[in-house]
Amino acid sequence: MSRKSVLFKVVVLGESGVGKTSLLVRYVENKFTISTKSTIGSDFLSKEIDVEGRPVSLQIWDTAGQERFQGLGTSFYRGADAVIFVFDVTRKKTFDELSAWKKAFLIQIGQENNKEFPMIILANKVDLDDRQVSKRDIAEWANQNGDVHFYETSAKENVNVGKAFDEIAKLALAKV
Ligand code: GDP
Ligand code: MG
């Protein structure tokens with residue numbers, strides 16, 4: 001007997017250029033291009049996966065270059081089941097903005113007091129040498145933010161990308 005799949009809307013947020021689109025394209029289409037095309041040409045990409053024997057359909061929403069929160073229409077985050085915040089380990093500024101992104105997002109969806117909203121942090125571009133944010137910095141931030149899980153990723157070299165998206169699906173499933 002096949003079970004009906006459960007659909008989750010996952011939104012991907014973070015400063016421009018951190019690799020959000022690249023991570024999404026790596027995950028859904030398993031490819032990477034160095035070109036700086038900043039959008040996927042649609043609101044979201046979908047992927048069917050299996051989480052502990054349960055069919056899950058992930059609908060992953062990407063910003064179309066309008067990364068400031070005010071620029072995202074309400075339809076972007078409305079009904080989100082989970083969120084992925086991305087920063088670039090070679091640009092400390094994008095890490096420093098994490099708290100603001102998290103706060104703005106939770107307020108927008110009316111979950112500012114929810115300490116358990118499904119979320120993960122992706123510390124992207126770990127393939128590069130000029131790193132400005134250490135694992136320890138990230139661990140400290142995560143610790144101060146309810147032990148949110150983080151992954152050091154590379155969309156370019158396909159490091160931890162599948163693992164991270166599997167984790168967000170798992171966290172969303174745990175809330176059903
Ligand atoms: P977005 O604005 O957050 O969607 O970022 P993009 O996905 O458009 O990526 C911005 C730039 O960073 C592009 O030139 C990508 O090729 C590059 N990029 C993205 N992820 C990685 C990565 O893991 N490693 C490296 N070296 N470059 C990356
Ligand atoms: Mg993009």
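Residues numbered from 1 in each chain as written. Chains lettered and ligands numbered in written order. Predicted model: local features only at pLDDT ≥ 70, side-chain atom pairs only at ≥ 80, totals over all residues. Heavy atoms only, no water.

A closer look at the side chain of Asn145
Along the chain, Asn145 falls in the loop between α5 (135–144) and β6 (149–153). Side-chain polar atoms of Asn145 contact the side chain of Lys102, separated by 2.9 Å. Separated by 2.7 Å, the side chain of Asn145 and the backbone oxygen of Trp141 make a polar contact. (Helix = DSSP H or I, 4+ residues; strand = E, 2+ residues; numbered from the N terminus. Polar contact = N/O pair within 3.5 Å; in protein donor to acceptor, adjacent residues only side chain to side chain.)

So, the confidence of the model for the chain
As a general rule, the predicted coordinates of low-pLDDT regions are not to be interpreted in detail. With 90% of its residues at a pLDDT of 70 or more, the chain has an overall mean of 91. Under the prediction, the complex receives an ipTM of 0.99, its pTM being 0.94. (pLDDT = per-residue confidence, 0-100.)

What to know about the layout of surface pockets
In this model, the second largest pocket occupies a volume close to 390 Å³. Considering the residues around the second largest pocket, the lining is formed by 18 residues, among which Lys115, Glu116, Phe117, Asn145 and Gly146 are closest to the centre. (1 Å grid on protein atoms, 1.4 Å probe; cavity = no way out; pocket = protein on both sides within 12 Å on 5 of 7 lines; lining within 4 Å. Points joined across faces, edges and corners; volume = space filled by probe spheres on them.)

Some points on the packing of aromatic side chains
In this structure the tally under the stated criterion is six aromatic pairs. Relative to Phe76, the ring of Trp61 has its centre 6.2 Å away and its plane inclined at 85°; by these criteria the two rings are edge-to-face. With Trp61 in strand β3 (residues 54–61) and Phe76 in helix α2 (residues 74–77), the pair connects residues that are 15 residues apart, well separated along the chain. Across this residue pair, the class does not change: Trp61 and Phe76 are buried. Ring pairs connect the aromatic residues Phe44, Trp61 and Phe76, which therefore count as one cluster. Seen from the ring of Trp61, Lys9 lies directly overhead, with NZ or CZ sitting 3.9 Å from the centre. Directly above the ring of Tyr27 sits Lys47, whose terminal nitrogen or CZ lies 4.6 Å from the centroid. (Phe/Tyr/Trp six-rings, centres within 6.5 Å; stacked < 30°, edge-to-face > 60°. Buried < 20%, exposed > 50% of the residue type's maximum accessible area, 1.4 Å probe, protein only. Lys NZ or Arg CZ within 6 Å of the ring centre and 35° of its normal.)

So, α5
Considered for burial, the residues of α5 that qualify are Ile138, Trp141 and Ala142. Considered in projection along α5, the buried side chains sweep an arc of 100° and stay on one side of the axis. Away from its buried face by more than 90 degrees, α5 exposes Arg136, Asn143 and Gln144. Looking at the buried positions of α5, the neighbouring elements they touch are β4 (82–88), α3 (92–96), α4 (98–108), β5 (119–124) and β6. Among the residues trailing α5, Gly146 stands out with phi positive, at a value near 70°. (Arc of directions from axis to C-beta. Contact = heavy atoms within 4.5 Å.)

What to know about the pattern of salt bridges
Under the counting rule described, the total for this entry stands at eight salt bridges. Measuring nitrogen to oxygen at the nearest pair gives 3.9 Å for the salt bridge that ties Glu52 to Lys170. Taken as a pair, Glu52 in the loop between β2 (44–51) and β3 and Lys170 in helix α6 (residues 161–173) lie far apart in primary sequence, 118 residues in all. Of the charged contacts in the structure, one is a salt bridge between Lys92 and Asp96, with a shortest N-O distance of 3.0 Å. (Salt bridge = Lys/Arg side-chain N within 4 Å of Asp/Glu carboxyl O.)

Overview of α6
Taking 1.5 Å of rise per residue, 13 residues should cover 18 Å, and α6 covers 19 Å from first to last C-alpha, within 8% of that figure. Along α6, the residues that are buried comprise Val161, Ala164, Phe165, Glu167, Ile168, Ala169, Ala172 and Leu173. (Expected span 1.5 Å × (residues − 1).)

What to know about the environment of Asp43
With respect to the helices and strands, the residue Asp43 is situated in the loop between α1 (20–29) and β2. In this structure Asp43 comes out as partly exposed when scored by relative accessible area, which is 47%. Here the alpha-carbon distance between Asp43 and Ser99, two residues 56 residues apart in the chain, equals 24 Å. Discounting chain neighbours no more than four positions away, the residues touching Asp43 are Ile60, Trp61 and Asp62.

As for the site of ligand 1
Around ligand 1, 21 residues are found, and the nearest of them are Gly17, Lys20, Ser22, Asp127 and Ala155. Between ligand 1 and Thr21, the relevant distance is 2.9 Å, taken from an oxygen atom to a side-chain nitrogen or oxygen of the residue. At 3.2 Å from a nitrogen atom of ligand 1 is found a side-chain nitrogen or oxygen belonging to Asn124. Burial of ligand 1 by the protein amounts to 91% of the accessible area it has alone, namely 580 Å². For the shell around ligand 1, the leading source of residues is α1, giving three residues. (Near = heavy atom within 4 Å. Areas by Shrake-Rupley, 256 points an atom, 1.4 Å probe, with all protein chains shown as cover.)

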